[in-house]
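# Commentary on secondary and tertiary structure
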Amino acid sequence: MADVNKIVEGFKQLVSAINKSDAAKAILGKWLEGHAGRIHTFEIDDKKFHIVFWPNEAKFVDGESHTPDLVIRATADAWTNMVTGKKKWSELLNEGTLFIIGAANEIQPFIQIAMTAGVMPSG
């Protein structure tokens, strides 16, 4: 069983890694060119948090955002299964253990930034 607290800590480590990586910040700048920023809210089990992305940095914030561009809601097990490749996101959507609300097209740059920063929060 996945540990939601480890997933949250993984997201905090991801944000720290993004802010230390010139390559990740370059992707942020390209992704957000012409925009003030983006907000991705995550609801993993009973934990709610969001990441604010600006063109030159990211910030982890506890709690939900009232104006997210993207919301990802999942069980801790579903999140871990998706990130580790044990299950496809489409399978988890069909199971009802993963929900994607809003700008789903922003998942791709998020993944690219996470991979460039070298941290994928899995739990």
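Model, not experiment: these values are computed from the prediction. (Residues numbered from 1 in each chain as written. Predicted model: local features only at pLDDT ≥ 70, side-chain atom pairs only at ≥ 80, totals over all residues. Heavy atoms only, no water.)

### Some points on helix α1 (residues 4–20)
In plain terms, the rule: By definition, any uninterrupted DSSP run of H or I lasting at least four residues is a helix, any uninterrupted run of E lasting at least two residues is a strand, and each is numbered from the N terminus. For a helix, the expected span equals 1.5 Å multiplied by the residue count minus one. By definition in these notes, contact holds between two residues if any of their heavy atoms fall within 4.5 Å. Polar contacts, as used here, are pairs of N or O atoms within 3.5 Å; protein pairs need one atom able to donate a hydrogen and one able to accept it. Residues neighboring in sequence count only if both atoms are side-chain atoms.
Between its first and last C-alpha, α1 extends 25 Å over 17 residues, near the 24 Å set by a 1.5 Å rise per residue. Against α2 (22–31), β1 (38–44), β2 (47–54), β3 (57–62), α3 (76–83) and α5 (107–117) lie the buried residues of α1. Two or three places before N5, at the start of α1, stands the capping residue D3, its side-chain oxygen 2.8 Å from that residue's backbone nitrogen.

### Let's talk about the packing of aromatic side chains
Our working rule: Only centres within 6.5 Å qualify two rings of Phe, Tyr or Trp (six-membered ring in Trp) as a pair; their planes then separate them into stacked at under 30 degrees, edge-to-face at over 60, and tilted for everything else.
For the structure shown, the criterion picks out 10 aromatic pairs. An aromatic cluster is present here, built from F11, W31, F42, F49, F53, F60, W79 and F110 joined pairwise through their rings.

### Remarks on the environment of F60
Worth spelling out the cut-off: Exposed residues in this analysis have more than 50% of their type's maximum accessible area, buried residues have under 20%, and partly exposed residues fall in between, with area computed by a 1.4 Å probe over protein chains only.
If you trace the backbone, F60 turns up in strand β3. Owing to a relative accessible area of 16%, F60 belongs among the buried residues under this scheme. Separated by 44 residues in sequence, F60 and S16 place their C-alpha atoms 8.8 Å apart. What F60 contacts, discounting residues up to four positions off in sequence, is V8, F11, K12, V15, F49 and H50.

### Things to note about the nonpolar core
The line we're drawing: We define the nonpolar core as a collection of buried residues of types Ala, Val, Leu, Ile, Met, Phe, Trp, Tyr and Cys that are connected through side-chain atoms lying within 4.5 Å of one another.
Ranked by size, the top nonpolar core spans 34 residues in total, and within it F11, I18, F42, I44 and F53 carry the most contacts. Of all the elements in the fold, those that place two or more residues in this core are α1, α2, β1, β2, β3, β4 (70–74), α3 and α5. Sort the elements by how many residues they give to this core and α1 lands first, with eight residues. Ignoring any residue separated from it by four or fewer positions in sequence, one finds I44 in contact with V4, I7, F49, A74, T75, A76 and W79.

### Observations concerning the environment of H35
The residue H35 is located in the loop between α2 and β1 in this model. Distance from H35 to P55, taken between C-alpha atoms, is 8.0 Å for residues 20 residues apart in sequence. A polar contact of 3.4 Å, which involves the side chain of H35, links it to the side chain of R38.

### Regarding the side chain of R38
Among the secondary structure elements, R38 is positioned in strand β1. Judged by relative accessible area, which is 17%, R38 ranks as buried.

### Digging into the environment of A23
Along the chain, the position of A23 falls in helix α2. Spatially, the C-alpha atom of A23 lies 22 Å from that of V83, the residues being 60 residues apart in sequence.

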